[in-house]
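# Commentary on secondary and tertiary structure
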Amino acid sequence: MIKIYHNPRCKKSREGLEILEESGQKFKIVEYLKTTLSFNELKSIIDLLDITPIELIRKNEAIWKEHYKGKILNDVAVISSMAKHPKLIERPIVINKEKAVIGRPPENIKQIL
């Protein structure tokens, strides 16, 4: 089943959700700010996205700027920061079986439907 990691306050995330709704396919919504992701869940998502952990960070978030910017962080530290502060996770993320994309732009989601 398709899964979207969604933040309803984010315009791009809402646009991604709309693309899924229009596809007519069944999907599950995970509001990751309410249901936080574990380190291992984040690691699995990053592996599916085939990116480095730092590529999933929202670097303009105040939490990043205040606590992490300018520091040398290994992958474990970056993933741990996202587990601790889920606002740092780029959104939306859509997973369909063994494929995943970050919905920025939201049209990226169509690649895996």
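Structure: see above.
Structural notes, computed from the coordinates. All figures in this text were calculated on a predicted structure; none of them were measured in a lab.

### Re the nonpolar core
In terms of nonpolar packing, the biggest core is built from 21 residues, with Tyr-5, Leu-56, Met-82, Ile-89 and Ile-93 touching the most fellow members. Taken together, the elements giving at least two residues each to this core come down to helix 2 (39-49), helix 4 (75-84), strand 3 (93-96) and strand 4 (99-102). Of the residues forming this core, the biggest block, 4 residues, is contributed by helix 2. Of all hydrophobic cores here, the second largest spans 9 residues; its members include Ile-2, Ile-4, Leu-17 and Ile-112.

### Some words on the packing of helix 2 against helix 4
Where helix 2 meets helix 4, the axes come as close as 9 Å, and the angle between the chain directions of the two elements is 115°. Here helix 2 and helix 4 pass one another in a crossing that is right-handed. Two secondary-structure elements touch here, helix 2 through Phe-39, Leu-42, Lys-43 and Ile-46 and helix 4 through Val-76, Ile-79, Ser-80, Met-82 and Ala-83. For the contact of helix 2 with helix 4, the per-class residue count stands at 7 nonpolar, 1 polar and 1 charged.

### Quick word on the side chain of Asn-108
As for its placement among the helices and strands, Asn-108 is situated in the segment after strand 4. Among the polar contacts made by the side chain of Asn-108, one reaches the main-chain carbonyl oxygen of Arg-104 at a distance of 3.0 Å. In this structure Asn-108 touches Val-101, Ile-102 and Gly-103, once residues within four positions along its chain are discounted.

### Considering unusual backbone geometry
With an omega dihedral of -10°, the bond running from Arg-91 to Pro-92 counts as a cis peptide bond. With respect to the secondary-structure elements, Pro-92 resides in the loop between helix 4 and strand 3. One non-glycine residue with positive phi stands out, namely Lys-97, at about 60°. Tracing the backbone through its elements, the reader meets Lys-97 in the loop between strand 3 and strand 4. Here Lys-97 falls in the exposed class, since its relative accessible area comes to 67%.

Thresholds, definitions, all that
Residues numbered from 1 in each chain as written. Predicted model: local features only at pLDDT ≥ 70, side-chain atom pairs only at ≥ 80, totals over all residues. Heavy atoms only, no water. Core = buried A, V, L, I, M, F, W, Y, C linked by side-chain atoms within 4.5 Å. Buried < 20%, exposed > 50% of the residue type's maximum accessible area, 1.4 Å probe, protein only. Helix = DSSP H or I, 4+ residues; strand = E, 2+ residues; numbered from the N terminus. Axes fitted to C-alpha atoms, helices over the stretch in contact; angles between N-to-C directions. Left-handed = near helix turned anticlockwise from the far one by under 90°. Contact = heavy atoms within 4.5 Å. Nonpolar A, V, L, I, M, F, W, Y, C, P; charged D, E, K, R; others polar. Polar contact = N/O pair within 3.5 Å; in protein donor to acceptor, adjacent residues only side chain to side chain.

Remember, this is a structural readout, not a statement about activity or role.
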